[in-house]
Amino acid sequence: MADGVLVDTMTFSYLRGLGLYEILACLGKKSGKLFVTAAVIKQLYAAGSTVGSQVDGMVKQGVLAKVTPVVGDDVSRAVKATLHNKNDARLVRGDRTDVELVELARKMNLIL
């Protein structure tokens, strides 16, 4: 069984579009097992909507926990290896955030 859920950029966008964005706050408060990365928050800000600041607010309120690999740790090394492998890099199109999410989910026993 997984130890939590790592929420990606598309999930935030879909829930907002469906008008179900508040469900994240409810789930996060009750479970304490929702996670987000700094890279996902950065993508949400780059999209130009208010979702980035809303997610940042959830992190500050403790509804979402922010987890991010650091240079040289197991996750960042796995991401680098994937992106530098010609075959694997083509599968993920060089998107570091997606590879990072997969590696963090694997390392932390999270659902993505």
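Here we summarise the structure given alongside this text. (Residues numbered from 1 in each chain as written. Predicted model: local features only at pLDDT ≥ 70, side-chain atom pairs only at ≥ 80, totals over all residues. Heavy atoms only, no water.)

**Quick look at the overall build of the chain**
Scanning the chain for helices and strands turns up seven helices and three strands. Written out in order from the N terminus, the α and β elements of the chain read β-α-α-β-α-α-β-α-α-α. Split into buried and exposed, the 112 residues of the chain put 37% on the buried side. Within the chain, contacts between residues at least 6 apart in sequence are counted, and of these 69% link residues at least 24 apart. On the chain, roughly 6900 Å² of surface is accessible, and the fraction owed to carbon and sulfur atoms is 57%. (Helix = DSSP H or I, 4+ residues; strand = E, 2+ residues; numbered from the N terminus. Buried < 20%, exposed > 50% of the residue type's maximum accessible area, 1.4 Å probe, protein only. Contact = heavy atoms within 4.5 Å. Areas by Shrake-Rupley, 256 points an atom, 1.4 Å probe, with all protein chains shown as cover.)

**Section: the environment of F35**
Within the secondary structure layout, F35 lies in strand 2 (residues 34–36). Note on F35: relative accessible area 13%, which makes it buried. For F35, the residues in contact, after removing those within four places along its chain, are D3, G4, V5, L6, V7, A65, V67, M108 and L110.

**Quick notes on the packing of helix 3 (residues 38–46) against helix 4 (residues 51–61)**
At a minimum axis separation of 7 Å, helix 3 and helix 4 run at an interaxial angle of 145°. Facing I41, L44 and Y45 of helix 3, the residues of helix 4 in contact are V51, G52, S53, V55, D56 and V59. Its residues placed into classes, the contact of helix 3 with helix 4 shows six nonpolar, two polar and one charged. (Axes fitted to C-alpha atoms, helices over the stretch in contact; angles between N-to-C directions. Nonpolar A, V, L, I, M, F, W, Y, C, P; charged D, E, K, R; others polar.)

**What about the environment of V51?**
Looking at the element boundaries, V51 is found in helix 4. Residue classification places V51 among the buried positions, given a relative accessible area of 3%. Considered as a pair, V51 and R16 are 35 residues apart in the sequence and their alpha carbons are 8.0 Å apart.

**Some remarks on the side chain of T9**
Take T9: it is sitting in helix 1 (residues 9–17). Assessed through its relative accessible area of 16%, T9 is described here as buried. One polar contact links T9 to Q43, side chain to side chain, over a distance of 2.5 Å. When sequence neighbours within four positions are dropped, the list of residues in contact with T9 reads V40, Q43 and L44. (Polar contact = N/O pair within 3.5 Å; in protein donor to acceptor, adjacent residues only side chain to side chain.)

**A word on helix 4**
Those residues of helix 4 lying buried are V51, G52, V55, D56, M58 and V59. Projected down its long axis, helix 4 carries its buried residues within an arc of 155°, all on one side. Facing away from the buried side of helix 4 by more than 90 degrees, the exposed set consists of K60 and Q61. The inward-facing, buried residues of helix 4 abut helix 1, helix 2 (22–31), strand 2, helix 3 and strand 3 (65–66). (Arc of directions from axis to C-beta.)

**Let's talk about the nonpolar core**
Counting residues in hydrophobic clusters, the biggest one holds 23 residues, and the most contacted among them are L6, F12, Y21, L24, V36, V55 and L64. Counting only elements with at least two residues in this core, the list comes to helix 1, strand 2, helix 3, helix 4 and helix 7 (96–108). In terms of residue count, helix 4 provides more of this core than any other element does, four residues in total. Apart from residues lying up to four places away in sequence, V55 is in contact with F12, Y21, V36, I41, L44 and L64. (Core = buried A, V, L, I, M, F, W, Y, C linked by side-chain atoms within 4.5 Å.)

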